[in-house]
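Here are the chains, one letter per residue:
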Amino acid sequence: MAMESLGVLLLHPMNAYLEQELDSRFRLFRFWDSPPDGRAEFLRANSSAIRAVVGNAGYNADAALIDALPSLEIVASFSVGIDRVDLPKCRERGIRVTNTPDVLTDDVADLAVGLAIAALRKIPQADRYVRAGLWKAKGDYTLTTRFSGKRVGIIGLGRIGLAIATRVEAFDCPVNYYQRTKKDCPSYTYYPSVVELAANSDILVVACPLNEQTRHIVNREVIEALVPKGLLINIGRGPHVDEPELVSALVEGRLGGAGLDVFEDEPNVPEALFALDNVVLVPHVGSGTHETRQAMADLVLGNLEAHVLKKPLLTPVV
Ligand code: DGY
């Protein structure tokens, strides 16, 4: 089968290089070309041609989309997390699913460490202090908190969690972790529950996939267990954390601070956080470097080509 005959539905303008390559190698359908109230009609009109969907962390092949595409064969996600893909439905329909693991691990781990240092050392706040002319007007900046040597508790010691662990080891941080099963990592301390992990860590980092077991894995009890000066870092998914509980703990000073790349209802961020001096907020940019986004795009393209050529998929999930 020729590559150009694979109809690929791109759900969102997520990456210019990816879009251009999809357009030149396959038959590309841009979902946003049709107005929101014309999407159902657009899918009906093209349902026999669309055999592949490319989504990402924000928009993906949910049950309604899959149901509207009877010829769908593969969902190639431009993300490692595939929590927005209806996996049971894909399995049931024999639809293949791929993601983009490994290529983004370093960037996401770098950001986790960067957020922790930025939050404790108040780097963005200090930058604002200089820009506002306050150094000159008011003198030295306030003292901050050390990062080196802090106990780092990682929820999920998968690829990204491990990459965070090796990075923080270089800062002399003892590494603790939680996941369902203990790993063969004798230099890291395993805790069988997230509450125990939080109680024994200064910095808690969410690095696990989002699924029904991990939704709100950081709840009120976990936040209460994290020492009062504790820091929460989330580079996973917003719904890993009970956001209203996090916001009230931060506002009421029950938690030391937070470094957040992800939020429950992106791009909406609770405005109460904007006024707080102990949080660092970034707009879901963990994998957002030129290098990594290109590598992710190449994996999406490689998976689609392998599918057409009936070769083994590069990074199959289903
Ligand atoms: C992922 O890959 O899942 C990230 O969250 C999006 O870049």
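Residues numbered from 1 in each chain as written. Predicted model: local features only at pLDDT ≥ 70, side-chain atom pairs only at ≥ 80, totals over all residues. Heavy atoms only, no water.

So, on to the pairing of strand β1 (residues 7-10). Taking every second residue as pointing to the same face, both faces of β1 are buried, with G7 and L9 on one and V8 and L10 on the other. Pairing between β1 and strand β2 (residues 27-30): four bridges, direction parallel. Bridging from a neighbouring strand, L9 pairs with F29 of β2. Viewed along the sheet, the connection from β1 through helix α1 (residues 16-25) into β2 turns out right-handed. Pairing of β1 with strand β3 (residues 50-54), which is carried by four bridges, proceeds in the parallel orientation. Bridging from a neighbouring strand, V8 pairs with A52 of β3. (Buried < 20%, exposed > 50% of the residue type's maximum accessible area, 1.4 Å probe, protein only. Helix = DSSP H or I, 4+ residues; strand = E, 2+ residues; numbered from the N terminus. Pairing = 2+ DSSP bridges. Right-handed = clockwise from strand over helix to strand, strands pointing away.)

Right, let's get into the site of the ligand. If you check the shell around the ligand, you find A57, S79, V80, G81, L104, R237, H284, S287 and R293 and nothing else. The contact in question runs from an oxygen atom of the ligand to an N or O atom on the backbone of V80, over 2.6 Å. In the complex, the protein chains occlude 89% of the 230 Å² of accessible area that the ligand would expose alone. Taken together, the residues that form the shell around the ligand break down as three nonpolar, four polar and two charged. (Near = heavy atom within 4 Å. Polar contact = N/O pair within 3.5 Å; in protein donor to acceptor, adjacent residues only side chain to side chain. Areas by Shrake-Rupley, 256 points an atom, 1.4 Å probe, with all protein chains shown as cover. Nonpolar A, V, L, I, M, F, W, Y, C, P; charged D, E, K, R; others polar.)

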